[in-house]
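Summary of structural features
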Amino acid sequence: MRQNIVAGNWKMNNTLDEGLKLTSEVVNMVQDELTNNNVQVILGCPFVHLTSVQKLTNGTKVALSAQNCHEETKGAYTGEISATMLKSVPVEYVIIGHSERRQYFGESHQTLAKKTDTLLAHNLAPIFCCGESLDIREKGEHVVYVCNQLKDSLFHLSAEDFAKLVIAYEPIWAIGTGVTASNEQAQDMHLAIRNFIADKYGKEVAEGTSILYGGSVKPGNAKELFACPDVDGGLVGGASLKSRDFVDIAKSF
């Protein structure tokens with residue numbers, strides 16, 4: 001059985017005190033309320049929060065993720081954070097390839113391939129984001145576009161290494177807009193991704209890969225989305241900033 005995952009992406013939100021308060025609430029709620037042992041809850045925090053949040057999540061049911069990582073392990077890259085640094089916190093997951101990183105910071109397929117290799121070399125699990133714009137969706141080119149994102153950044157990996165990834169499909173037109181892909185749209189895209197992985201790595205790897213949906217996931221729509229056979233959870237943005245909403249999403253399986 002592949003892992004169900006609900007990962008929160010705080011993005012550039014929360015002061016340190018706000019982040020610690022939110023973490024404490026989530027950890028306690030998960031401990032008291034989450035009875036499904038096949039659901040992994042993850043908090044994706046800004047870099048300045050990681051060490052403090054790790055102290056609160058260590059030994060609990062909540063795992064820790066960074067929101068980005070540089071592709072080099074050290075050097076003269078002022079302001080950047082390396083996999084070595086993240087491993088020393090420690091974190092378990094790192095979000096890479098988010099559409100905001102691609103759009104605002106010009107991250108290419110090649111850069112993301114290097115980041116993936118670096119994270120895997122340090123035994124950190126990449127949460128690899130992919131997704132299409134509304135224009136590409138309306139042209140009917142979304143499946144090819146997203147599959148090319150996977151191929152160009154990930155398909156150099158061995159089957160053993162690919163199996164360590166989490167994939168997060170996020171239609172760009174649904175991120176932070178309040179618009180959610182329909183259950184049918186989400187399922188169709190997740191199935192297409194899984195089939196594409198199977199064509200490259202075989203059915204066993206594809207069936208074992210957790211594919212998350214991201215794009216205005218809320219307590220009100222999570223249960224129906226997560227009921228889709230190829231949707232294994234969510235990468236949650238805005239709702240992850242509210243402990244009650246976030247934990248209710250995690251309880252939606």
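Structure: above.
Quick caveat, the model's predicted, so the values are computed rather than measured.

Our next topic: the state of the cysteines. Tallied over the full model, the rule gives zero disulfides. Cys129 provides the cysteine sulfur closest to Cys69, a residue in no disulfide bond, and the two sulfurs are 14 Å apart. Distance from the sulfur of Cys228, which forms no disulfide, to the nearest cysteine sulfur (Cys130) is 16 Å. Residue classification places Cys228 among the buried residues on the basis of a relative accessible area of 9%.

Another aspect to go through is the packing of aromatic side chains. Scanning the model with the defined rule gives six aromatic pairs in all. Taken together, a centroid distance of 6.1 Å and an interplanar angle of 70 degrees make the contact between Phe155 and Phe162 edge-to-face. Residue Phe155 is classed as buried on the basis of its relative accessible area of 12%. Look at Phe155 and Tyr201: their rings are 5.4 Å apart centre to centre, the planes differ by 85 degrees, and that puts the pair in the edge-to-face class. With Phe155 in the loop between helix H7 (142-154) and helix H8 (159-162) and Tyr201 in helix H9 (residues 183-201), this pair connects stretches of sequence that are 46 residues apart. Neither Phe155 nor Tyr201 differs from the other in exposure class; each is buried. Counting every residue linked through ring pairs, the aromatic cluster contains Phe155, Phe162, Phe196 and Tyr201. Positioned above the aromatic ring of Phe105 is the side chain of Arg101, whose terminal nitrogen or guanidinium carbon lies 4.0 Å from the ring centre.

Note that His49 resides in the loop between strand S2 (39-45) and helix H2 (50-57). A distance of 3.1 Å separates a polar side-chain atom of His49 from the backbone oxygen of Thr15. Residues contacting His49, with those up to four places away along its chain left out, are Trp10, Asn13, Asn14, Thr15, Leu16 and Gly19.

The next thing to look at is the pattern of salt bridges. Across all of its chains, the model carries 16 salt bridges by this definition. A salt bridge links Glu207 to Arg2; the nearest nitrogen and oxygen atoms lie 3.2 Å apart. Here the residue Glu207 occupies a position in helix H10 (residues 203-208), and Arg2 occupies one in the segment before strand S1 (4-9), the gap between them amounting to 205 residues. Of the charged contacts, one joins Glu107 and Lys115 as a salt bridge, the two residues approaching to 2.6 Å between their closest N and O atoms. Across the pair, exposure class does not vary: Glu107 and Lys115 are buried alike. Residues participating in the shared-partner salt-bridge network are Arg2, Arg194, Glu207, Asp230 and Asp232.

With respect to the helices and strands, the residue Thr118 is situated in helix H5 (residues 109-121). By relative accessible area, Thr118 is classed as buried at 10%. At 2.6 Å, the side chain of Thr118 and the backbone oxygen of Glu71 are in polar contact. Beyond its immediate stretch of four places on either side in the chain, Thr118 contacts His70, Glu71, Thr73 and Ala83.

Its volume calculated, the largest pocket comes out at about 490 Å³. Looking at the largest pocket, it is lined by 16 residues, and the ones nearest its centre are Lys11, Met12, Gln67, Arg101 and Phe105. If one sorts the elements of the lining of the largest pocket by residue count, helix H4 (residues 99-105) sits on top with four residues. For the lining of the largest pocket, a count of residues per class yields seven nonpolar, five polar and four charged. Reported here for the second largest pocket is a volume of approximately 260 Å³. Forming the boundary of the second largest pocket are 22 residues, of which Ile175, Gly176, Ser216, Gly237 and Gly238 lie nearest the centre. Its residues assigned to classes, the lining of the second largest pocket shows eight nonpolar, 10 polar and four charged.

What counts and how
Chains are numbered independently. Their residues run from 1 in the order of the written sequence. Given that this is a predicted model, residues contribute local features only at a pLDDT of at least 70 and side-chain atom pairs are listed and counted only at 80 or more, while totals for whole chains, interfaces and linings are drawn from all residues. Values shown for side chains rest on all heavy atoms present in the structure; no hydrogens or waters enter the calculation. Any two cysteine sulfur atoms lying within 2.5 Å of each other are counted as a disulfide. Residue burial is assigned from relative accessible area. The probe radius is 1.4 Å, only protein chains are included, and a residue is buried under 20% of its type maximum, exposed over 50%, and partly exposed in between. Working definition: a ring pair exists when centres of Phe, Tyr or Trp rings (six-membered ring for Trp) sit within 6.5 Å. Plane angles under 30 degrees give stacked, over 60 give edge-to-face, the rest tilted. Helix numbering and strand numbering both begin at the N terminus, where a helix is a DSSP run of H or I of at least 4 residues and a strand a DSSP run of E of at least 2. Charge over a ring is defined by NZ of Lys or CZ of Arg lying within 6 Å of the ring centre and within 35 degrees of the ring normal. Counting of polar contacts relies on pairs of N or O atoms within 3.5 Å, with two restrictions inside protein: one atom must be capable of donating a hydrogen and the other of accepting it, and residues adjacent in sequence are counted only when both atoms are side-chain atoms. Whether two residues are in contact is decided by their heavy atoms: any pair within 4.5 Å suffices. Should a side-chain nitrogen of Lys or Arg be within 4 Å of a carboxyl oxygen of Asp or Glu, the pair is scored as a salt bridge. Here a cavity denotes a set of grid points, spaced 1 Å apart and computed over the protein atoms alone, in which a 1.4 Å probe fits but from which it cannot get out, and a pocket denotes an open set meeting protein on both sides within 12 Å along at least five of seven lines; residues with an atom within 4 Å of a point are reported as lining. Grid points are joined across faces, edges and corners, and a volume is the space filled by probe spheres set on the points. Throughout this entry, Asp, Glu, Lys and Arg are counted as charged residues, while Ala, Val, Leu, Ile, Met, Phe, Trp, Tyr, Cys and Pro are counted as nonpolar. The remaining residues, Gly among them, count as polar.

What is shown is where atoms sit, not what they do.
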